[in-house]
Amino acid sequence: MTILTTQLRAVGLFYRSVAPFMLGISGLILLAILLPAILESWSSGLLPALLLTKLATAPVVWYLSEQLRPGQYWFYFNLHLSRRRLWASVVVADAALFLGGALLMQKALL
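Given the structure is predicted, the values throughout are model-derived calculations rather than measurements.

Rules and cut-offs
Residues numbered from 1 in each chain as written. Predicted model: local features only at pLDDT ≥ 70, side-chain atom pairs only at ≥ 80, totals over all residues. Heavy atoms only, no water. Helix = DSSP H or I, 4+ residues; strand = E, 2+ residues; numbered from the N terminus. Buried < 20%, exposed > 50% of the residue type's maximum accessible area, 1.4 Å probe, protein only. Contact = heavy atoms within 4.5 Å. Core = buried A, V, L, I, M, F, W, Y, C linked by side-chain atoms within 4.5 Å. Phe/Tyr/Trp six-rings, centres within 6.5 Å; stacked < 30°, edge-to-face > 60°.

## A look at the environment of L50
Then step 1. Within the secondary structure, L50 is located in helix α2 (residues 47-56).
Then step 2. With relative accessibility at 3%, the residue L50 sits in the buried group.
Then step 3. Along the chain, L50 and E66 lie 16 residues apart, while their C-alpha atoms are 25 Å from each other.
Then step 4. With near-sequence residues (within four places) excluded, L50 lies in contact with I29, I33, L34 and F98.

Structure follows, in structure tokens:
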């Protein structure tokens with residue numbers, strides 16, 4: 001149980017370091033695409049396409065993060081977390097936040 005909590009805390013710490021990129025892209029997608037679609041009433045069935053668009057931006061954020069801070073993984077390697085596991089956890093958490101925000105936005109404006 002201690003290993004799981006340590007890894008969850010490490011993923012949270014890592015997500016906090018890439019959150020400005022990921023949440024910025026989420027905000028742009030929600031405000032530039034979903035908001036006008038809701039206001040013009042053609043947003044039905046748009047969420048899967050928006051989620052795929054959001055997931056397609058993850059490799060770009062991964063690349064930019066590695067270019068800006070190339071030595072960022074040593075701490076996570078010491079906690080036995082690979083890059084792939086860190087990024088998979090971050091992408092899942094970010095996709096859940098994105099879907100939650102999109103659904104909340106739809107419910108609030110409809």
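Next comes the rest of the write-up.
## Overview of the nonpolar core
Then step 1. F14, V18, M22, Y76, L86, W87 and V90 are the most contacted members of the largest nonpolar core, which totals 14 residues.
Then step 2. Of all the elements in the fold, those that place two or more residues in this core are α1 (2-39) and α5 (83-109).
Then step 3. Of the residues forming this core, the biggest block, seven residues, is contributed by α1.
Then step 4. When neighbours within four sequence positions are excluded, Y76 is seen to be in contact with A10, L13, F14, L81 and L86.
Then step 5. Ranked by size, the runner-up nonpolar core spans 13 residues in total, among them L30, L34, L47 and M105.

## Concerning the packing of aromatic side chains
Then step 1. All chains considered together, the criterion is met by seven aromatic pairs.
Then step 2. Ring geometry for F14 and Y73: centres 6.0 Å apart, planes at 35 degrees, overall tilted. Of this pair, F14 sits in helix α1 while Y73 sits in the loop between α3 (58-68) and α4 (74-78), and the two are 59 residues apart along the sequence. There is no split in this pair, since F14 and Y73 are both buried.
Then step 3. Ring centres 5.3 Å apart and planes at 80 degrees place the aromatic pair F75 and Y76 in the edge-to-face group.
Then step 4. The exposure class of Y76 is buried, given its relative accessible area of 6%.
Then step 5. Through pairs of rings, three or more aromatic residues link up here, namely F14, W62, Y73, W74, F75, Y76, F77 and W87.

## Focus on the environment of L51
Then step 1. With respect to the helices and strands, L51 occurs in helix α2.
Then step 2. On a C-alpha basis, the gap between L51 and S26 in space is 9.6 Å, while along the polypeptide they are 25 residues apart.
Then step 3. Beyond its immediate sequence surroundings of up to four residues, L51 is in contact with A95, F98 and L99.

## Quick notes on unusual backbone geometry
Then step 1. Its identity is not glycine, yet S41 carries a phi of approximately 65 degrees, on the positive side.
Then step 2. Within the element layout of this structure, S41 appears in the loop between α1 and α2.
Then step 3. With phi around 65 degrees, H80 is a residue other than glycine that occupies positive phi space.
Then step 4. On the secondary structure map, H80 appears in the loop between α4 and α5.
Then step 5. On the accessibility criterion, H80 (68% relative accessible area) is exposed.

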